[in-house]
Amino acid sequence: QVQLVESGGGLVQAGSALTLSCRASGYIFSINVMGWYRQAPGNQRELVATITRGGSTNYADSVKGRFTITRDNALNTIYLQMDSLKPEDTVVYYCYEEILGFGAERYINYWGQGTQVTVSS
């Protein structure tokens, strides 16, 4: 069974930086789109950034110019480099990967367990 494990969250001061990572494990044939989302209690999950297998990226306006999404296909890992962090970035972050397992006929969406980012002023 495919599993996504993410890490890198923590408590930092405004203006500081953090890097999140998310690694997929299991019997994986290929991974298509990978991305990061965030969600506060009582709110809907919102897109932060996505990256295709070919390297095309898409960012939310609120993080554009501050966050950078990258992927390492050999390690089945996605990263989110967060610079110039603001208190508004305080929320739980979730990784997302579209994965085709060995023997499967279609891609399946997987989510990480979430990691908390807290930014103090």
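Relevant structure appears above.
Cut-offs applied
Residues numbered from 1 in each chain as written. Predicted model: local features only at pLDDT ≥ 70, side-chain atom pairs only at ≥ 80, totals over all residues. Heavy atoms only, no water. Pairing = 2+ DSSP bridges. Helix = DSSP H or I, 4+ residues; strand = E, 2+ residues; numbered from the N terminus. Core = buried A, V, L, I, M, F, W, Y, C linked by side-chain atoms within 4.5 Å. Buried < 20%, exposed > 50% of the residue type's maximum accessible area, 1.4 Å probe, protein only. Contact = heavy atoms within 4.5 Å.

K.L.:
Teacher, can you tell me more about the pairing of strand β8 (residues 77-82) here?
P.N.:
The two faces of a sheet get side chains in turn, since along a regular strand they alternate between them. Taken together, the six bridges between strand β3 (residues 18-25) and β8 define a ladder with antiparallel strand orientation. Bridged to leucine 18 within β8 is methionine 82. Bridge analysis of strand β7 (residues 67-72) against β8 gives six bridges, and the strand direction is antiparallel. Following the sheet pairing, aspartate 72 is matched in β8 by threonine 77. As consecutive antiparallel partners, β7 and β8 are separated by four residues, and within that stretch asparagine 76 has a phi angle of approximately 50°, a positive value.

K.L.:
I tried to follow the nonpolar core on my own but got confused; where do I start?
P.N.:
As a rule of thumb, soluble globular proteins bury nonpolar side chains together. Core analysis: the biggest nonpolar cluster contains 29 residues, and Trp36, Leu80, Met82 and Tyr93 have the highest contact counts within it. Counting only elements with at least two residues in this core, the list comes to β3, β4 (28-39), β5 (46-51), β7, β8, β9 (91-101) and β11 (115-120). Sequence-distant contacts of leucine 80, defined by excluding residues within four places in its chain, comprise Leu18, Thr19, Leu20, Trp36, Val48, Phe67, Thr68, Ile69 and Tyr93.

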